[in-house]
Structure formats: C-alpha cells, structure tokens
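Take a look at the letters that make up each chain.
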Amino acid sequence: MRNSPWVYVLALALLALSTSAFSQEEEDWSKIQLKASKVSGSVYMIDMVEGSGGFAGGNIGVSVGSDGVVLVDAMFEPLAPKILAVLKTLSGKPVKFVINTHVHGDHTDGNAAFGPTATIIAHANTRQQLLTRGQSPEDQPVPAHALPVITLNDELVLHQNGEDMRIVHFPHAHSDTDVIVFFPQSKVVHMGDIYFSGMFPFIGRGGSVKGLVAALEKVLGEIPADTRVIPGHGPLSNTQELRATLAMLKETSAIVEDGIKRKVSLQRMIKDKVLAGYDKWAGGYINTDQYLEQMYKVLSR
Ligand SMILES: [Zn+2]
C-alpha cells in the first residue's frame, strides 16, 4: 500500500492530533464505505458511511445529466473503484469533468484515477502545487495524467447538464488554491474545505482568517437562503448553519486576536479556556485547545 495518501490526510492536521481517525499509521481503504445522497436538482453528494473513515476523503459533489458526470473533488485514488460503483447508481454516463476545490490530497489524489479519461479543472495554484509536490521528500510526484488541464485564476463557468456551474476562486481562505462551485439551477453550492459543517475550520498553508471570513460572507451574500450547502467535510448543510459557522469564526478569532494584542501567551489562553463557550464545535478533527492553538499561530503570522 502506498503511504502517500496518509501524508495528505495528515496535512489536514495542523497540530498533533490524537483522535482515532488519525491514530492509524495507514488507512485501511477496504473498510471505507461510500454512499450517495440526493442534494437538490441534478446534484448529488458522495461521502463516507458514518464511522467508516470520516476524514479519509473530502465530500464529492456530483452533477448528473445528459452531458455526463461532473465531479467536484475526487477523494483518494484507492477509493476510485468505490466512487465509480456509487456513481453507477446515479448515472450510466462516464465521468467527463473533475473539478478540484483545492490542492489537498484528500480532494485531488483521485485525479490519478479519473485523469486519463476525464478533464480536470482547478485553480492555477492547485496545478502549480501538484506539479512541484514531488520536491518534498515525504510527497510523491503527481503523474502527468493527474494534473488539471484547464486552470482558472478568478472564475470559470462550466455549462453541463443544463447547469451553469460557476467555479470561483476565493483567495487565502482555507489555502491559496480554493475554489467554490455554484450550481445555480439546482440551488447547491460546494464549498470545499472553506467550510467544515458543524466543526472548527482548518486554515492551511496559504490560508488566512481574513480570507475565510471574506469567502463565507461573500457566499452568504450571493446565494438564496434555501441553497443546499456541500461542505468539504462533515454532513450536508444549509445557509443557516453556514451563517452560524461564520459567526463562530468571527467571535473566536476576535477573542484570540485580542489576547495576542494584549501579549497574552498561548499557554495562558489555553489555561484560561478563553474559547470554553465553543466546545460544541470540537470533535470533528480537532478539540477546542487545538483550535485555539491553530488560531493563535495563524493570527500571529
Ligand atoms: Zn483541505
């Protein structure tokens, strides 16, 4: 078994994590079960059956129709046969396009399986970072057929299955490679890792609190209130929950930023439990202390 996917999963974990999902040395792909659920209109979501993996792959958005299948994200390459099996229950058409929401391996590793027959679309930085990934000793080079062949800087519209899918870049949010995919006819949006539903957010390399807040505000200002929201991780969501996450992000970052301004140390803030009121957002992949540490580091950059 290749060990690289696990490295990508670990890239998600900024801190030393002790949750069970991260304690295994390698993922046992055979244990992971996938399921498809209808989201709205012609859009579906593929995610893990509860308890079978959690963070072993980002949620996939699926557009089906007469033109073919369009995927938003591709999980890990070893899961591709399971993804294809689930897709068979939704459509008899082949996968025509794969859109990557950002560079992280739990969303792009599957490109290697779909790339030879489908067209991969991503932000220019995603392609660039996949190209140079092989330079780091723990990462493996991405084969040419797994690279995006169409890239965008700001926005691109993909007209398929009667849907005008808007692929829009949001700078320095979860990373510096993020796009959000809007399905206006079906009233669905795929947020990528700019949104973890019900959980503290993760801000990776190239990301920022400011960019994350700006992205959530812009999306909430644009989409109708009854839009269904596919998160990068976590269960299918809605604009109400998205709004609650934005409020939590603003409040918690303001608390930590205020402490930094007053030169309060991270250890002191952890001891004082300054984010104690936000424990209900813990438990996804990170506890409240770990989130506080992440916030402190990101806001101190
Ligand atoms: Zn990510």
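Computed from a predicted model, the values in this text were never measured in an experiment.

What counts as what
- Residues numbered from 1 in each chain as written.
- Predicted model: local features only at pLDDT ≥ 70, side-chain atom pairs only at ≥ 80, totals over all residues.
- Heavy atoms only, no water.
- Helix = DSSP H or I, 4+ residues; strand = E, 2+ residues; numbered from the N terminus.
- Buried < 20%, exposed > 50% of the residue type's maximum accessible area, 1.4 Å probe, protein only.
- Contact = heavy atoms within 4.5 Å.
- Areas by Shrake-Rupley, 256 points an atom, 1.4 Å probe, with all protein chains shown as cover.
- Expected span 1.5 Å × (residues − 1).
- Polar contact = N/O pair within 3.5 Å; in protein donor to acceptor, adjacent residues only side chain to side chain.
- Phe/Tyr/Trp six-rings, centres within 6.5 Å; stacked < 30°, edge-to-face > 60°.
- Lys NZ or Arg CZ within 6 Å of the ring centre and 35° of its normal.
- Pairing = 2+ DSSP bridges.

Visitor: Is there a simple way to think about the overall build of the protein chain in this case?
Guide: From N to C terminus, the protein chain includes ten helices and 13 strands. Taken across its 301 residues, the protein chain has 53% of its residues classed as buried. Across the protein chain, every contact between residues at least 6 apart in sequence was considered, and the portion connecting residues at least 24 apart equals 65%. With an accessible surface of roughly 12800 Å², the protein chain has 52% of that area assigned to carbon and sulfur atoms.

Visitor: What is the right way to look at helix H10 (residues 288-300) in this model?
Guide: Side chains that are three or four residues apart share a direction in an α-helix, a result of its 3.6 residues per turn. For H10, which comprises 13 residues, the first-to-last C-alpha distance of 18 Å matches the rise-based estimate of 18 Å (1.5 Å per residue) to within 8%. Those residues of H10 that fall on the buried side of the exposure criterion are Thr-288, Gln-290, Tyr-291, Leu-292, Gln-294, Met-295 and Val-298. Here the buried face of H10 lies against helix H7 (209-222), helix H8 (239-261) and helix H9 (266-271).

Visitor: In this structure, what is going on with H7? I would like to understand it.
Guide: The first and last C-alpha atoms of H7 sit 20 Å apart over 14 residues, in line with the 20 Å expected at 1.5 Å per residue. Of the residues making up H7, those classed as buried are Val-209, Gly-211, Leu-212, Val-213, Ala-215, Leu-216, Val-219 and Leu-220. Tucked inside the fold, the buried residues of H7 contact strand S10 (179-183), H8 and H10. The opening residue of H7, the one whose side-chain oxygen lies 2.9 Å from the backbone nitrogen of Gly-211, is Ser-208.

Visitor: Looking at this structure, I do not really get unusual backbone geometry. What am I missing?
Guide: For residues that are not glycine, phi is negative in most cases, and the peptide bond is trans in most cases. The phi dihedral of Lys-187 is positive, around 60°, even though this residue is not glycine. Here Lys-187 lies in the loop between S10 and strand S11 (188-190). One non-glycine residue, Lys-263, lies in positive phi territory at about 60°. With respect to the secondary-structure elements, Lys-263 resides in the loop between H8 and H9. Exposure remark for Lys-263: the relative accessible area of 75% places this residue in the exposed category.

Visitor: It is not clear to me how the packing of aromatic side chains should be interpreted in this structure. Could you clarify?
Guide: Using the criterion set out here, one finds four aromatic pairs in the structure. Taking 5.1 Å as the distance between ring centres and 50° as the angle between the ring planes, the aromatic pair formed by Trp-29 and Phe-76 counts as tilted. Of this pair, Trp-29 sits in the loop between helix H2 (20-23) and strand S1 (34-40) while Phe-76 sits in the loop between strand S4 (69-72) and helix H3 (80-88), and the two are 47 residues apart along the sequence. Residue class for Phe-76 comes out buried when judged on its relative accessible area of 0%. Pairing Phe-196 with Tyr-285 gives two aromatic rings, centres 5.6 Å apart and planes at 80°, and the pair type is edge-to-face. With Phe-196 in the loop between S11 and H7 and Tyr-285 in the loop between H9 and H10, this residue pair connects regions lying 89 residues apart in the sequence. Here Phe-196 matches Tyr-285 in class, with each residue buried. Put simply, the rings of Phe-196, Phe-202 and Tyr-285 pair up and form one aromatic cluster. Over the ring of Phe-182 we find Arg-166, and its NZ or CZ is 4.9 Å from the ring centre.

Visitor: Can you help me understand the sheet that holds S11 in this one?
Guide: Backbone-to-backbone hydrogen bonds join strands into a sheet, with any given pair of strands oriented parallel or antiparallel. Here six strands make up an open sheet; going across it, the order is S8-S9-S10-S11-S12-S13 and the pairing mixed. The strands lining the two open edges of the sheet, one partner per strand, are strand S8 (155-160) and strand S13 (237-238). Two elements, S11 and strand S12 (residues 228-230), share three bridges in a ladder whose sense is parallel. Counted as the bridge partner of Val-188 is Arg-228 from S12.

Visitor: Would you take a moment to explain the environment of Val-168 for this structure?
Guide: Summarising the element assignment, Val-168 is placed in strand S9 (residues 163-169). Judged by its relative accessible area of 6%, Val-168 falls in the buried class. Between the C-alpha atoms of Val-168 and Thr-101, which are 67 residues apart in sequence, the distance is 9.5 Å. Among all residues touching Val-168, those that are not within four sequence positions of it are Asp-154, Glu-155, Asp-178, Val-179, Ile-180 and Phe-182.

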